[in-house]
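# Structural characterization, general
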Amino acid sequence: GNSVTQMEGPVTLSEEAFLTINCTYTATGYPSLFWYVQYPGEGLQLLLKATKADDKGSNKGFEATYRKETTSFHLEKGSVQVSDSAVYFCASWMDSSYKLIFGSGTRLLVRP
Amino acid sequence: EAQVTQNPRYLITVTGKKLTVTCSQNMNHEYMSWYRQDPGLGLRQIYYSMNVEVTDKGDVPEGYKVSRKEKRNFPLILESPSPNQTSLYFCASSLYASPYGYTFGSGTRLTVV
């Protein structure tokens, strides 16, 4: 079946460090891929998306590239800020399933 | 403001006492869905609804019921809650059954003792 696997956290970084959160997917076809962010006490917000192979999603300094050959969608940011501390979820969507399939989430803690 | 509103935000209840978590959206969305979030498991879909009077099971429907009598409302019903239903619940909606414009509510933290 379809699934999403992302690296376990927590990930602890110092401010201005480089961030990578790994995400891989399994699917019977070519899903659309997403990164969501959840700040403490809030719901999920869409961070970025990519709908086909080689697409690059970007927003607020975060980027992720849809890699069909490695079935991956790793999240990166060149210089993290304290305000980026949150839980990040990778997710996929197949039109045949009518649902977002989420990874387990990765907590990011950025220290000043 | 376009939003999905869930109530209550926090709820502590006892085993077996029926409860309803309400979800309402003001965006005229056709599609609505319920998820539960558990540590290490991410979010898992409980039920979804493609339109009024059309609902279907997600991945973890056991112990839950839903109804969709009006387009804007999609309540989640626990007829006889058990401690394993202690979780963080999210309602979401989108215009159609697609991930684009998917909007989440702020969540309901449920504790069953």
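Now for a description of the structure that goes with this document. (Residues numbered from 1 in each chain as written. Chains lettered and ligands numbered in written order. Predicted model: local features only at pLDDT ≥ 70, side-chain atom pairs only at ≥ 80, totals over all residues. Heavy atoms only, no water.)

The next point concerns the overall build of chain B. Counting secondary structure elements, chain B contains zero helices and eleven strands. Secondary structure elements of chain B, listed N to C terminal, follow the sequence β-β-β-β-β-β-β-β-β-β-β. The C-alpha radius of gyration of chain B comes to 13 Å, within 12% of the 13 Å expected for a compact globule of 113 residues. Here chain B, with 113 residues, has 50% of them falling under the buried criterion. A separation of at least 24 residues holds for 54% of the contacts in chain B among residues at least 6 apart in sequence. As presented, chain B carries roughly 5,400 Å² of accessible surface, and 51% of it is formed by carbon and sulfur atoms. In chain B, which carries 12 positive and 9 negative side-chain charges, the distance between the mean positions of the two groups comes to 6 Å. (Helix = DSSP H or I, 4+ residues; strand = E, 2+ residues; numbered from the N terminus. Rg over C-alpha atoms; globule rule 2.2 N^0.38 Å. Buried < 20%, exposed > 50% of the residue type's maximum accessible area, 1.4 Å probe, protein only. Contact = heavy atoms within 4.5 Å. Areas by Shrake-Rupley, 256 points an atom, 1.4 Å probe, with all protein chains shown as cover. Lys, Arg positive; Asp, Glu negative; His and termini not counted. Charge placed at Lys NZ, Arg CZ, Asp CG, Glu CD.)

Let us look at the sheet that holds strand β1 (residues 4–7) of chain B. Think of a sheet as strands paired side by side through backbone hydrogen bonds, with each pair either parallel or antiparallel. Residues and elements named next belong to chain B. As summarised here, the arrangement of the four strands in space is β1-β3-β8-β7, forming an open sheet in which the pairing is antiparallel. Edge positions in the sheet fall to β1 and β7 (65–66), since each has one partner strand and no second. Bridge count for β1 against strand β3 (residues 19–25) is four bridges, and the pairing is antiparallel. Bridged to Val-4 within β3 is Gln-25. (Pairing = 2+ DSSP bridges.)

Another point: the interface of chain B and chain A. On the chain A side, the residues contacting the 22 residues of chain B number 18 residues. Between chain B and chain A the total buried area reaches about 1,600 Å² when both faces are included, carbon and sulfur atoms providing 61% of it. Applying the counting criterion to the chain B and chain A interface returns one salt bridge. Close ionic contact of Asp-59 of chain B with Lys-99 of chain A constitutes a salt bridge, the shortest N to O distance being 2.5 Å. Taken together, the connections running from chain B to chain A amount to seven residue pairs in polar contact (both at pLDDT 80 or more). (Buried area = accessible area lost by both parts, 1.4 Å probe. Salt bridge = Lys/Arg side-chain N within 4 Å of Asp/Glu carboxyl O. Polar contact = N/O pair within 3.5 Å; in protein donor to acceptor, adjacent residues only side chain to side chain.)

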